[in-house]
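Chain residues, written in single-letter form:
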Amino acid sequence: MASILKYAGKYRRHIFTALALISISVPIGVVPYFLISGLIGKYISEAAAMADVVRTSALILICFTAKYILYGEGLNLSHEGAFGTLYNMRVKLADELMHQPLGEVADGGTGKYKKSFVEEIGRIELMLAHMLPEGIPNLVMPFIVLAVIFVTDWRMGLLSLASLPFGIIGMGIMMKSGMKKMPLYYESGAKLNNAVVEYVSGMEVIKIFGQTTSSFKKYSDTVENYKVFTLDWFRESWRSMSLVYAGMPCTVLLTLPVGAIMYYNGTLDLNTWIFVLMLDLSMSGPLTRVINFFPMFPQVDYTVKQLEALYSAEDVHSGNISELPESYDVEFKNVTFAYKDRDVLKNVSFKAEQGKKTALVGESGSGKSTAARLTVHYWDVSDGSITIDGRDIREYTFDTLMSMTAYVAQDNFLFRGTIADNLRMGKKDATMDEMIAAAKAAACHDFISKLPHGYDTEVGVLGGKLSGGERQRITIARAILKNAPIIILDEATAYTDAENEELITNALNELTKGRTVIMIAHRLWTIADADNIVVLESGRASANGTHDELMESSSIYRRLWQMSLEAGNWNIAVKEDSENV
Ligand SMILES: Nc1ncnc2c1ncn2[C@@H]1O[C@H](COP(=O)(O)OP(=O)(O)OP(=O)(O)O)[C@@H](O)[C@H]1O
């Protein structure tokens, strides 16, 4: 609870004011029972006057009105506080994820994080808007009423406790099974979320490959498993839930029959009996309210633990140096990196100098993208170091490192929004002229101008309304706007057609002038002019040099070059064939 309240900030006041208002309203709700028992008592001992009835009715009306107003205002405030806290938590989680190893976040799966952002944080609303402000007063009230009964007649006090074992036993069973099953419930929910996201995102592939039935089966199996699991759990816990719901609010279970015997025996006077019965009944409302929260305890408890783990997950190591370096030479010094326990880079060393183009080449899976991503601190290296101007990238603050680097990948992300919104990710306050200049340099101004709304055209979810090549050129324009001194291009021209390849190559040459450039390309002729080419072979840097030097010295480079040319010829042949059809 405390760990969540720390995110409430200014909304803590709302939540505690709500707690105070509801704490006043709950006892007000019990007052009418006192009033009625007092009135009945009067009728028993001396005939009450009509004025007493009118006064009692008026007081009861006032009590209910006051309770309604206070409870209502309390809930209003508690919701304001809760939703304000949820907002803070979602913003904070986004910020936390930003500082955690990007690679791990990407590997976690969209569904998992969607679940944390939407469902798990959403569940905190229950805790802050209801469990805390309503639960505490409604739990405390029965204790106060019980104390009054004990003071009035301790025997009746003991009898009033008769329904308690139902609650304790039922809740014990429920909590035990709830706590045990909760991790599985969550896992099953995360799988369901991932399956939905995957199914919807992959719908195009599923249709193209005619896998509708088998993919739908995978999806429907996950939904079915979730259903079976949830129903099994419900079946297992409904008996104990019913025991609590039906038994615990039944506070007159023994005070009514045993009280009647005691009254006939003359050991209990009628006024006390009626007073106790009324107080017993007054506990039922608060108890029922509290009981409603009990099944939620395991869920909320587990959710809080999950969120705590997410919020406290280890950040990528970053230091506190925020000054920009004098030069932007990037150096890999004996870098070793493993995904979990699988070594992908082994003792890799090379230097990418400022103003020069360094290319990473190698067979598929040799570790090129991993090396590129490590440069922008997707993960921490397992051993060795990556430096900028001789200083380990872990010594710079996260923001400084990000401001120095622009990473353009094969499939860059576009946000739902307009083209201008996406371009401004590169430079928040970019003017229209700056955006147009960047777009022209990235050979995308022409196609943007032809769109019905130009730069204000919506790109759709993940940029889905644009072609792969268009998306790619917009991401290059975005990187041009960012104007970072270190540029990492991971297959940045993979989707470029022949028509635009020259334009984009020129744009990239413009973008990369005077900067440190690390680039990866499968079409080796696009990097043949690089100042230094590093050949990666199963995660090891097996050779480096210029194209001419490597053609002389590296058999693997020669093979890669040959393969690349053949693939290029094949592409041209396919293109010519299709043009002749
Ligand atoms: N997130 C990840 N988790 C686990 N293993 C990964 C992950 N990303 C890549 N790998 C593995 O690491 C190895 C190197 O991958 P990487 O993407 O760096 O290679 P690459 O040389 O860029 O390949 P390609 O040319 O096909 O893009 C591969 O065997 C790949 O399966």
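Reading the values: the criteria
- Residues numbered from 1 in each chain as written.
- Predicted model: local features only at pLDDT ≥ 70, side-chain atom pairs only at ≥ 80, totals over all residues.
- UniProt positions renumbered as here; feature names shortened; annotations may be inferred.
- Near = placed C-beta within 6 Å.
- Helix = DSSP H or I, 4+ residues; strand = E, 2+ residues; numbered from the N terminus.
- Pairing = 2+ DSSP bridges.
- Buried ≥ 20, exposed ≤ 12 C-beta atoms within 10 Å, placed from the backbone.
- Expected span 1.5 Å × (residues − 1).
- Arc of directions from axis to C-beta.

The name an unreviewed UniProt entry gives the protein chain is ABC transporter ATP-binding protein, with Jingyaoa shaoxingensis as the organism. Its UniProt record gives the protein chain a comment under Subcellular location (unreviewed entry), which states: "Cell membrane".

Caption draft 1: Focus on the site of the ligand. Lining the immediate environment of the ligand, one finds 12 residues, of which Tyr339, Ser364, Lys368, Ser369 and Thr370 sit closest. It is helix 13 (residues 368-375) that provides the largest number of residues to the shell around the ligand, a total of 3 residues.

Caption draft 2: Spotlight on the pairing of strand 2 (residues 342-352). Pairing between strand 1 (residues 330-339) and strand 2: 7 bridges, direction antiparallel. From the neighbouring strand, Ala338 faces strand 2, where its bridge partner is Asp343. Here strand 1 folds back onto strand 2 in antiparallel fashion, the turn holding 2 residues, of which Lys340 has a positive phi close to 50 degrees.

Caption draft 3: Quick peek at the pairing of strand 6 (residues 405-408). By the alternation rule, side chains of strand 6 split into Thr405 and Tyr407 and Ala406 and Val408, which are all buried. Where strand 6 lies against strand 7 (residues 486-490), 4 bridges are found, and the strand directions are parallel. Note that in strand 7 the partner of Ala406 across the bridge is Ile487.

Caption draft 4: Inspection of helix 12 (residues 296-311) at higher detail. For helix 12, built from 16 residues, the straight-helix expectation of 22 Å at 1.5 Å per residue is met to within 8% by its first-to-last C-alpha distance of 22 Å. The complete set of buried residues in helix 12 reads Pro298, Thr303 and Leu307. What you see down the axis of helix 12 is that its buried residues fit within an arc of 160 degrees, all on one side. Exposed side chains of helix 12 directed beyond 90 degrees from the buried face belong to Glu308 and Ala309.

Caption draft 5: Local environment of unusual backbone geometry. Phi at Asn347 is positive, roughly 55 degrees, even though this residue is not glycine. Positionally, Asn347 belongs in strand 2. Non-glycine residue Asn483 carries a positive phi angle of around 55 degrees. Note that Asn483 resides in the loop between helix 18 (468-482) and strand 7.

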